Structures are given as structure tokens and as C-alpha cells.
Number of protein chains: 4
Amino acid sequence: MNLAILTSGGDAPGMNAAIRGFVRRGLADGHTVFGIPRGFEGLIHAEPHTMTAASVANILMTGGTILKTSRFLDFHQVSIREMALDSLKRWQIDAVAVLGGNGSLAGANTLSESGFPIVGIPASIDNDIAGTDYSLGFDTAVNNIVSSIDKIRDTASSHERIFVVQVMGNRSGNLAIAAGLACGAEAIIIPEQSSDYASIEQRLLQTYARGKKHSFVIVAEGAGEAKTVAEELAQRTGREAKWAVLGHTQRGGPPTSHDRILAALFADKAVDLLTEGKGGFMVSLCSGSITSIPLVNVIHGQNQTLFHWQRLAELLAR
Amino acid sequence: MNLAILTSGGDAPGMNAAIRGFVRRGLADGHTVFGIPRGFEGLIHAEPHTMTAASVANILMTGGTILKTSRFLDFHQVSIREMALDSLKRWQIDAVAVLGGNGSLAGANTLSESGFPIVGIPASIDNDIAGTDYSLGFDTAVNNIVSSIDKIRDTASSHERIFVVQVMGNRSGNLAIAAGLACGAEAIIIPEQSSDYASIEQRLLQTYARGKKHSFVIVAEGAGEAKTVAEELAQRTGREAKWAVLGHTQRGGPPTSHDRILAALFADKAVDLLTEGKGGFMVSLCSGSITSIPLVNVIHGQNQTLFHWQRLAELLAR
Amino acid sequence: MNLAILTSGGDAPGMNAAIRGFVRRGLADGHTVFGIPRGFEGLIHAEPHTMTAASVANILMTGGTILKTSRFLDFHQVSIREMALDSLKRWQIDAVAVLGGNGSLAGANTLSESGFPIVGIPASIDNDIAGTDYSLGFDTAVNNIVSSIDKIRDTASSHERIFVVQVMGNRSGNLAIAAGLACGAEAIIIPEQSSDYASIEQRLLQTYARGKKHSFVIVAEGAGEAKTVAEELAQRTGREAKWAVLGHTQRGGPPTSHDRILAALFADKAVDLLTEGKGGFMVSLCSGSITSIPLVNVIHGQNQTLFHWQRLAELLAR
Amino acid sequence: MNLAILTSGGDAPGMNAAIRGFVRRGLADGHTVFGIPRGFEGLIHAEPHTMTAASVANILMTGGTILKTSRFLDFHQVSIREMALDSLKRWQIDAVAVLGGNGSLAGANTLSESGFPIVGIPASIDNDIAGTDYSLGFDTAVNNIVSSIDKIRDTASSHERIFVVQVMGNRSGNLAIAAGLACGAEAIIIPEQSSDYASIEQRLLQTYARGKKHSFVIVAEGAGEAKTVAEELAQRTGREAKWAVLGHTQRGGPPTSHDRILAALFADKAVDLLTEGKGGFMVSLCSGSITSIPLVNVIHGQNQTLFHWQRLAELLAR
């Protein structure tokens, strides 16, 4: 078969490891493998590269994506999608793997509904994709946040401050929650909940009463701005409050071993599905096992927010 | 209740996070919590400390164990164990959580069989404990190895060498396998299998034939010494082979977010079990969920080796 | 003698290593050493702690300052400084070392001019102190920035973007310049120069012409906001431009070996000066040697901007 | 002019940054720049590559050397060196920069004495080159060691052990000394001194007397083996002693900002010298300034051991 792979939307650490896994596993099975540059846009405006074992050498340990990526809003237009299908036919590609988050998987699903064999690989630092317990990049992003907060703690502790840290997550608080549990944050503010500042204030005051000198509050960007939260908490507690926006450092750097390993397992499963002729699925981690789920269920499914982790984090920070 | 916690055997990253979780969750439930220093030996030769919320401040992000640990071989003697039970009675401790690996959990099981309420928390960088998919410290150790190998790669690549890296794992190859998959190792040599040097040689020669300049072989310490493996491979391939023994850097440093989070979840479950009067269990990660398993099943169970990861690692490195 | 040490102003990595050095060296010479908490404010509102060898155990490798710090604006009032001198007399302290940046050294100089023996140790991540080639914390801060930009590069490269990174430096561009030279930034915008956007635009366009896909511009916070710079460059070049504000992650984390070593050498020299009765000096690194310079020269001196590094950085990024 | 650059001997972090600096600065001045692969051996057995600005893109932040390196013992033969000079003439190369340590600089000097314009750039993680206060790679290597020891400290502290760490340095103790001062090592054993175990024993016992639970001893590989030292100290103190050999992780990984910056400054100076027709020199850092020194003085000079750092390190660890 002629397989192809593309990466779409925001880049996520582990994408390169997945590309390597897909290419090497595909070649080992006797397929020809192509890389399509710059996401869905590349189906219209670019040409596929033939990928060899050497094309993916020394990328396992790098962030970003060697295939480049883009957000291609025009892809929701029927005419554009038809051009994409024409390209795939012209290039004699039999099946495609799409690495990306919710938007990209929706795009993959539409192509799939046109009858073209597509498999999705969940990659999003937000871990906000329905139908899988894990999406590539999340572990690296959480560790990046944790390592930034471990640094900020030195200053917070030296100045006896409240520190409000804004992390990624427009619609999902999972990154904020995991980072908060891993860092011992006193409060975690997420888009899925309205912020209860009175309760946060009370909790912070309790920790000061028992002698704590500094505290961390994590806010997902979809739930507010670090600066505003800091001002609110400074006013309520009478303490100095500083803030930081972690930004793009969250999604870069060498992927963790967890992301590299899952990338290999996901890519391996993706080749399995495409060679078995099972288009229209996303590979998934479910109850600790690598499995697959129809793309249509992903699109219409409901992502799980880790509320019990949030409760535990806030309990343990007292 | 009067709860106590001790750490035993080799230290594992995440132990401190678990101690923090156990103490804070215990206090939140209204229990009194004690820390017993230096493992089972502390039951004989030390005194418990009362733990407050502040006793476990700022330890979440540190490796090692603030309670100190030891390997206490005398604990298999009945008379010593009776002294330990006497201590616990004298200190009016109602239940104990034991953090450690297989040896420590066997010790915990024997105490438990005497009727004392004990709960085990799996902590071992080897991930070689039956009845749980995960033991604390494994993720940090794999990431430590990966980050060391990412460094060695610079030199290996500059000199066009074979590099043999010896990692921990006396009876289990899981650390070697996970690191090998995460680093793109050409071969992984583990205690659970006899080493097939002819096959490794063949694989290395294949990769040179396609232009690869350097290669990595990971060996678990229970399967041989890096130096011997390097000499064997140098002779067989005619290439220069260097070696490194990673040693104790593998088990130190700040725990990854994965280990910090699982530590909190395990500790939370351990307090659940002890307050429900369910002694004789180990907390466990099973099919993605936090659950528990009788200690006796842990002791007599069979740990799973990740053979399919090994096969995938070696396939993808071609 | 009764020596004391305090840390003042913004915390800088290496402060703890310097405290350790000062305390241990002081004790080795037979002095009694006190730590004054929270900077100059502690002279009014706190009490000194007696420092032992154990007080400074395990702090060498930590950021921040165990003595805490503050910005104490009231210290410019004569009446407040007299209260401070009264405290020092009451506590029977013979001489004080002050760790901090320009503001703190100005405070130290005023105390010194009242006749109290004071020695300054330059500590500022900005490396903007006259009379010394180096101030503690700079090397760690530059490495922190470099490591953040190495992460952002993955994303910048995957999306083919301009990336504008805002670093600390209100009046000094040294941090921006060093980070820019170490990261290969295409342009470095600093408060000591007016920004020449036409020249930056031209340079960026040249690099695209030769095939470069992404570019970095570093801006010191005193020279503008990353967001504004990004908008300006996006408009001029027609490329997408993203931005990041690195914030407090720059000044935290374990100090580099360079900062730990210089901290020891500076502290050692500070004890030398105080025991020789040479108050009113700052220890300094000058032409590769540890020496000292009158505090009054520091206050009225002119800090050097590394313009030749900036020119070299911009030349090499073409 | 036709300039060329080669890297020789052990790889050192910062070599790639220096290659980038040399190539880009050379091109900016209108020269043609060639890269010679695999060190002096490449003068006999390889062909030079033309280097463009793009050839050195994205290497600034990587360890190792893109030009590859080798130890080429045959180069001391006159006939081999004549072949090398013939190659340079045939390739129409006017001048060469050699990046490496003492052996490579001796090779460079012999070529230079034949009348060929050569400039040396000191690169050696051992910082053991006469005539310069700094050689590329030292700062990264020290930081790598420090970061490994910071990890081992967790385990050492949890088990209350002596830890003996073997670092690189066959004839020079500078790496051991700098790492020891930066890590708070209780003793530093170097090839330039006979080991005084009685004094080390006494110092360790003193620290235990004041309550210290664990201690670090650093040994440079030229002064003994970690294992032997550990056994000696265990016997003398009656404490458990563990050991680790850090190996090749010391010389890998992304170079620190210090090494990247000095690499740029050294490369810049090297192009200056060659374009001024000043062959037979090594660029050098001397009293804080970039300068140059005749290669012949480097070869016959005496490297400085940082004995005063060693004394200070041992004093501060008490």
C-alpha cells in the first residue's frame, strides 16, 4: 500500500516520534510511506515526500514536527476537501494517518466520511480528546509546566508571595489540573467550572494560618488571565500576588519517555488499522490498552475533565 | 486512628510525594499520622515522628525519601518481627503504610499475616511488582535514562560508534525495554531472555548498510555488563564500541509529574483502605484505574515483562 | 567578630551558595555569623538568627534565598537607617555583608558612609552592576532563557514563524544580548538603543531569502513589549509572528556551576575584606580575578553594555 | 580566502557553536569556507565540504560535532603530515582552524611549523590547555556533573552514605575541582596530588560529628577508580560507601550559554587571525579578554590547576 502521514493544528511533543514509528513500521511491512507537509493545507498546496528509514532518523527526541503543521480553516469547505481527495488520488495514496487534536480529527472524519481510508492519532497537549484517556504531548507539557513552576517556587518562597501561573487550555482544564496536582497548587481554576474566589481566598488564608509562606494558583487560559486572578487574590488576601504566563515553552522541548513510547504504540496501531482496511478510526488509549474508536464517536463524544484530581490536589495543598 | 508510614528498600522518586499525600490526606480525615524512620529497621531501633502538614511541605518535588530507608535483612526473623509488632503496639499505632518494592512488600505481607493492618504502596524504579501495572519511580527512572542517552548520543554520533548502556534491573528488563523504546535503541538485552548476539550483530550490520553511523544497545544489569557486551559487539561488527554504566543517577532527581500524580493517587487510596479496615492489600494501578490487590497475591504473583515493547523497539530501530 | 549577612532586592540564583560560603568561611575563621531575614527591612522588623554549618546545609543547589528578601523603599529615609544602625549595635554585630543588585548596594553604601563596616556582594540576574564584570545569577538566568528558547524553537520551526521573546532587563540589555548570542537570535532589542525596525525587517527578509523558516527576536522588557514588537514585525514582513514573556522562570531553578563557584569565591573574598577591616567595598570579578572596588565607585559608576556581543550575534544569525 | 575548519580528538560541547561561528563569520567577510570531516584523518582520507550559512543552521544548541572527529595517531608521522599538506594544496585551502585539545593543538602546531597558516581553538572538557583560562566544553561538562550529583544526592541522603563519584580528567583535576566546589564535595582527589586518605577520613568524621548524614568525594579518573576509593573510605570510616562513574554523559547534551557564547567569540577571533595572516596562534581567554597566544607556547606551556578552588571547596564542606 501507499500510506501517507500528516500533522495538523498545534504541534505536540511526540509527533515526531509518531511519524518515525509510522514510517518505520510501514516500511517494515513492505508499504511505501509518504509525508505530506503542513497539514491539510499540504493536500492542496504541497507535494508529498517519500519517506525512508533515514528520513526519520534522529527525530525521536525532538519536539515539534518535521512535517510542519498548520491550522487550515478552509478545509471545512466542500470544494477544498474535494481538491484534497483529488490530490490523494493523483498521488496514488491509499490511506492517510492524521496526527492532531480535535479540529484536525474533525477534518480527518470528514475526509473519512467521503470514503477515503483515514486513521487519526490523538495529539494535543490539552488531553481534551474524547474516546482516549491520553493524547500525545500531554505528559511532556505537564512536565514542562512542573519544571517551570519548580523554578518560580524559588522566587515565590524568597518573597513570600502568591503566584498565579497561567497555562494552556482554552476549553479544557486537564493541563491545569495535572500540573496543579504535580506541583502542590493551592487552587486550580478551569474553564469547566465557574471560579469560586471566596473559597480560594478561604483556603489560602487557612494555609497562611498554619505557617505557609507562599502559594500557587494555576489558571487555565480559557478560565481567565493570570494577571486578573492575581489582582483579585491580592485584594482579597492582602498579600502580594505575582503572575506568569507560561506560553509556548509548554509545548516544546524533547518529549518525555511516556510520549515517545505512546507515540510508538499509537503509530504501530495506526498501521495495523490501515493495513486491515479499517479506515474511520482513531487509535486510543483506553483502560491502559491501545485500542481504536470510530472517529465519529470522537467528534461527538465528551472529553473527561479530571475533577477528582482537582479535588485531591486542593485537599493535599492545605 | 493513628496511622504510620515508612519507606523501605531502594529509594524511588515519588516516595516523598506519596509521603506528603498520605500525611495530608490522613490529617484531613482527622487521623494522627506518624513517620517511622529508616524502614522496618526503624520499628526496632528508632522512634516515630508525629507528622504535620508542615512536615511534608516542599518535598513533593524532591527525590529520595525524607523518612530515610534501609534494607533490613533481619526482618525475616520471627523474633525481630515480634519486636516490631511490640513497638507498634507500644506506640499505639493502628495501621501502617509501607512504601517499597518486592522485598519490602514481602515484609509488609508477613506483618500483615500476623494480623496487623498494613497497606503496601508499590515503589520501585524497576516496575517489577506483580499485581500493578505501575510502581512509583519507574517513569522518572526511564526519563533519567533517556536524558542521559540523549547526551551520550552527541558523542556517539560524532565518533560513529556503537554505544552500550547498562541500566538498572537485576531480574527485570522493563527499565531497559522502556528506555530502549524511548531512545530508539537497536537492541535491548534483558535478564528474562538469553542474549542472541548473532541476531544483534545482524541487525547492527543492516543499519550500517542503510547508512546509520552510530547505534545504541541497552543492557539491564542482570543480563550482563556493558563492558563485556561492548567487547563482544566490537569484535563481531569490527566497529568501535564504547560503554557506560548509568548507576545511581537513574533513581534520583525531581520526580516526573507522572510519578508525583500517581504518588498522590496511591496515597489517597492507601488511606481509604486503612480507614475502611482493609489491611493486607497493596494499592495498584490496573487497566488505568487505581484499585487494590491482596498483598499475598503480589508476593506470589508474576510480574509482566514488556516483550511487545521490546519487539517494537527493535523493529523501529532498523 | 560577629558577622552578619542579608539578601536584598530581587532574588538571584547563587544567593544561597553565597550565604553558605560566607557562613562556613566565617565559622572556619572563628567568627560568629548571623543571618538577617528579609533584607534591610529585617534590620528594623526582625531578629537575626545564629547561623551554624548545618543552617546552610543543602542550600548550595537551590535558587532563591533562605534568608528571604524584600525591596524596602523606606530605607532611603535617614530615620529608618538610624534605626537599622541601632539594631546592629544592639545585636552587637561588627560587620555586614549585603547581597543584592544596584538598589541594595546603594543602601549598603549609605550604611557604610555612616561608618558601619559593610561589604557588598553583587547579585543581579541583569549583570548591570558597575565595577564588576559579573554579578551572581546572570549565568543561570541566561541558561534558563536559552533552555526556554530551545523549547520554543520546536514550535517556531514547525509553524515557520517569527518568535519574539521578552526577557528581563529594565535598564540593561545584557541578559537579552547574552541570550541572543547563545540562541542565535536574528535581532536583539535593548533599552540602551532605539529600536531600528527597518533594519530588523531587512535582516529577517534576508534570512528568508536564503531559506530560513523561522526567526527569533529577543526584547529586553525595558525596550518594549513582546506583543507590540511581534505585531510590528508581522506587519512589516507579512509573516506570522508569535510572542512569549518568559517572566519569573528566568530567575529560578538550581544555580549553574558558574554561579555556585563564583558565589563561593565572592563570599570568601567578602570575609577576607571584613576581617581585614575593609568596609565600604564590593567584591568584584575584574579581568578574570576576584578583587574589590569601593562601593561609592559602584554607585556612581557606569555599567558596560555588551554591544560587541550584540553585533556578533546579529552577524552570525544571518 | 579559502578557509577550512576541522574538529579533532574528543568531542566537546560548544564545538558546533564554534563551527557555526567560524562559517558564518567567514562567509560574512567574503571568504569561502570548507568543513573537513573526521579531524586530521579527513585530510588524508576524506574530502572537504563547502559550508553555507544553511550548513550550520540549528547546530548551535547541539553537543558533539557535525564535522565528526577522530583521534588520528598516525598524524605524528612526517609522511602522513606531508600527505595532509598536499591535500590542502590540492583543495586550494589557504588557512585552517583546528578545534580540539592538547593532542590536536600539537598536531596543529606541527602543521603550522611546516609553514601552513593554522589557528587553534581550545576545546576540551578538561580545561587543561596551557595559555588559555578556558577551553570550550568545560562549563557544560561541569554543569553535567553537577546535575548528575544533584540527582545522586537524593539517594545518598536517603541512605546516609558516602558517595564517591568518578569524573573525567586523566592528567588534570580541574573538572573534579570545579564540580567539587559547585556540589559541596567533602574531598576532591586529583592526579596532580597524591591522595591523603588519612586527611579525608578525618574530614569525613568531623562532618559526621556535627551531624552530616551523607558526603561526596569526587575523584578524577587519572587519580584512581571510584570503586577503590569507596572501598578505602568505607573501611576507614565504618560507613557504607557507594560509587558511580559518570562516563560519557559528562561531555554530551546541549552546550551551556557560556560555551555557546565563548564558541562564538573564539571563532570570531580565529577568523580575525587568519585574515590578518597570523597563523601559528591559538585563540585564548586571558584575564577575561579574548586574545591569542603562539601555538608553540601552548604546546610547551604548563596548564594551571585550580588548587585554591580545591582548598576552598574542602573548607566550605566542613
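Residues numbered from 1 in each chain as written. Chains lettered and ligands numbered in written order. Predicted model: local features only at pLDDT ≥ 70, side-chain atom pairs only at ≥ 80, totals over all residues.

Asker: Any chance you could break down the overall build of chain A for me, citing the residues and the numbers?
Answerer: Of regular secondary structure, chain A possesses 11 helices and 11 strands. For chain A, whose C-alpha radius of gyration is 21 Å, the value lies close to the compact-globule estimate of 20 Å for 318 residues. For the C-alpha atoms alone, the extent of chain A along its principal axes is close to 70 × 35 × 35 Å. Counting every position in chain A, which comprises 318 residues, the buried fraction comes to 63%. For chain A, contacts bridging at least 24 residues in sequence account for 76% of all contacts bridging at least 6. (Helix = DSSP H or I, 4+ residues; strand = E, 2+ residues; numbered from the N terminus. Rg over C-alpha atoms; globule rule 2.2 N^0.38 Å. Buried ≥ 20, exposed ≤ 12 C-beta atoms within 10 Å, placed from the backbone. Contact = placed C-beta atoms within 7 Å.)

Asker: Please set out the interface of chain D and chain B residue by residue, giving values where relevant.
Answerer: Listed per partner, the contact involves 27 residues of chain D and 27 residues of chain B. Counting only elements with at least two residues in the side of chain D that touches chain B, the list comes to α5 (138-159) and β9 (241-245) of chain D. Here the side of chain D that touches chain B is composed, by residue class, of 3 nonpolar, 16 polar and 8 charged. (Nonpolar A, V, L, I, M, F, W, Y, C, P; charged D, E, K, R; others polar.)

Asker: Quick rundown of the domain arrangement of chain A? Include the residues and the values.
Answerer: Interfaces are often sized by the accessible area lost when the parts come together. Residue and element names in this part refer to chain A. Annotation of chain A at the domain level lists domain 1 (2-137 + 257-300) and domain 2 (142-249 + 307-316). A C-alpha centroid distance of 35 Å is found between domain 1 and domain 2. Facing 4 residues of domain 1, the contacting portion of domain 2 comprises 6 residues. Class assignment for the residues of the side of domain 1 that touches domain 2 results in 1 nonpolar, 1 polar and 2 charged. (Domains from an automatic or database assignment.)

Asker: Before we move on, can you summarise the interface of chain A and chain C with the specific residues and values?
Answerer: Listed per partner, the contact involves 27 residues of chain A and 28 residues of chain C. For the side of chain A that touches chain C, the secondary structure elements donating two or more residues are α5 (138-159) and β9 (241-245) of chain A. For the side of chain A that touches chain C, the per-class residue count stands at 3 nonpolar, 16 polar and 8 charged.

Asker: Just give me the short version of the relation of the copies chain A and chain C, but keep the residues and values in it.
Answerer: For the pair chain A and chain C, the superposition axis carries a translation of 0.0 Å, the fit reaches an RMSD of 0.0 Å, and the rotation angle comes to 180°. The operation mapping one copy onto its partner corresponds to a two-fold rotation axis. (Least-squares fit on C-alpha atoms with pLDDT ≥ 70 in both.)

Asker: Please give an account of the pairing of strand β10 (residues 281-286) of chain B that cites residues and values.
Answerer: Residues and elements named next belong to chain B. Taken across its 6 residues, β10 has 5 buried, putting it largely inside the fold. As defined by bridge partners, strand β5 (residues 118-122) adjoins β10 across 2 bridges and the pair is classed as parallel. Within the sheet, the bridge partner assigned to Val119 lies in β10 and is Phe281. In this sheet, strand β11 (residues 289-294) lies alongside β10 in antiparallel orientation, the contact comprising 6 bridges. Pairing of Phe281 across the sheet is with Pro294, part of β11. (Pairing = 2+ DSSP bridges.)

Asker: I'd like a rundown of the relation of the copies chain D and chain B, residues and numbers included.
Answerer: Take chain D, turn it by 180°, move it 0.0 Å along the axis, and it overlays chain B with an RMSD of 0.0 Å. Take the interface residues of chain D: 100% of them recur as interface residues in chain B, which is what a same-surface contact looks like.

Asker: Account for the nonpolar core, with residues named and values stated.
Answerer: The biggest cluster of nonpolar side chains holds 219 residues, and the ones touching the most others in it are Val164, Ala179 and Val217 of chain C together with Ala18, Val164, Ala179 and Val217 of chain D. Grouped together as the second largest cluster of nonpolar side chains are 217 residues, Ile19 and Ala141 of chain A together with Phe34 and Ala226 of chain B included. (Core = buried A, V, L, I, M, F, W, Y, C linked by C-beta atoms within 7 Å.)

Asker: Talk me through helix α1 (residues 15-28) of chain D; I want residue IDs and the actual numbers.
Answerer: Residue and element names in this part refer to chain D. Taking 1.5 Å of rise per residue, the 14 residues of α1 would be expected to cover 20 Å, and the 20 Å separating its terminal C-alpha atoms lies within 8% of that figure. The buried fraction of α1 is high, at 13 of 14 residues. The positive-phi residue at the C-terminal boundary of α1 is Gly30, with phi of around 90°. (Expected span 1.5 Å × (residues − 1).)

Asker: Can you lay out the arrangement of the chains for me, pointing to particular residues and giving the numbers?
Answerer: What separates chain B from chain C at the closest point of their C-alpha atoms is a distance of 12 Å, and the two make no contact. Spatially, chain A and chain D are disjoint, and the shortest separation between their C-alpha atoms is 12 Å.

Asker: Residue-level account of the sheet that holds β10 of chain B, with values.
Answerer: What the 7 strands build is an open sheet, ordered β3-β2-β1-β4-β5-β10-β11 (chain B); its pairing is mixed. In the strand order of this sheet, the two ends are held by β3 (49-50) and β11 of chain B, each with one partner.

Asker: Could you give me a rundown of helix α8 (residues 226-237) of chain A, with the residues and numbers involved?
Answerer: Residues and elements named next belong to chain A. In this model, α8 (12 residues) spans 16 Å end to end at C-alpha, consistent with the 16 Å of a helix rising 1.5 Å per residue. Taken residue by residue, α8 has Ala226, Val229, Ala230 and Leu233 as its buried positions. With its buried residues spanning 100° around the axis, α8 presents them on a single face. Structurally, α8 contributes buried residues whose contacts are with β6 (162-167), β7 (187-189), α7 (197-209), β8 (215-220) and β9. Just downstream of α8 lies Gly238, where phi reads positive at about 75°. (Arc of directions from axis to C-beta.)

Asker: Quick rundown of the sheet that holds β9 of chain A? Include the residues and the values.
Answerer: All names here are of chain A. In spatial order, the strands read β7-β8-β6-β9; together these 4 strands make up an open sheet with parallel pairing. Looking along the sheet, the strands with just one partner apiece sit at the ends: β7 and β9. Pairwise comparison of adjacent strand axes, ignoring direction, gives a mean angle of 20° for this sheet. Relative to β8, β7 is paired through 3 bridges, and the arrangement is parallel. Residue Ile189 lies in a different strand from β8, and its bridge partner there is Val219. Against the sheet, helix α6 (residues 174-183) contacts β6, β7 and β8, and its axis sits at roughly 165° relative to β8. (Axes fitted to C-alpha atoms, helices over the stretch in contact; angles between N-to-C directions.)

Asker: Go over the environment of Thr62 of chain A, please, and point to the residues and values.
Answerer: By the secondary structure assignment, Thr62 of chain A is in the loop between β3 (49-50) and α3 (78-90). The buried category is assigned to Thr62 of chain A, around which 22 C-beta atoms lie within 10 Å. In sequence terms Thr62 of chain A and Gly180 of chain A are 118 residues apart; their C-alpha atoms lie 26 Å from each other. Setting aside its immediate chain neighbours within four residues, Thr62 of chain A contacts Asn16 and Pro254 of chain A together with Asp154 of chain C.

Asker: Give a detailed account of unusual backbone geometry, specifying residues and quantitative values.
Answerer: Residues and elements named next belong to chain B. Look at Asn127: it is not a glycine, yet its phi comes out positive at around 45°. Here Asn127 shows up in the loop between β5 and α5 (138-159). According to the C-beta neighbour criterion, Asn127 is buried, with 27 such atoms within 10 Å. The residue Ser287 is not glycine, and still its phi comes out positive at about 50°. For Ser287, the position within the fold is in the loop between β10 and β11.

Asker: Help me get a handle on the confidence of the model for chain A, residues and values and all.
Answerer: On average, residues of chain A score 95 in pLDDT, and 100% of them reach the 70 mark or higher. Both scores are given for the predicted complex: the pTM is 0.95, the ipTM 0.96. (pLDDT = per-residue confidence, 0-100.)

Asker: Quick rundown of the environment of Glu160 of chain C? Include the residues and the values.
Answerer: Summarising the element assignment, Glu160 of chain C is placed in the loop between α5 (138-159) and β6 (162-167). When the C-alpha atoms of Glu160 of chain C and Arg210 of chain C are compared, they prove to be 14 Å apart, with 50 residues separating the residues in sequence.

Asker: Please provide a residue-by-residue account of the environment of Gly247 of chain C, values included.
Answerer: Considering the arrangement of structural elements, one finds Gly247 of chain C in the loop between β9 (241-245) and α9 (257-275). Judged by C-beta crowding, with 25 C-beta atoms within 10 Å, Gly247 of chain C ranks as buried. Each C-alpha atom, one on Gly247 of chain C and one on Gly30 of chain C, is 42 Å from the other, the two residues being 217 residues apart in sequence. If sequence neighbours within four positions are ignored, Gly247 of chain C has contacts with Ala244 and Val245 of chain A.

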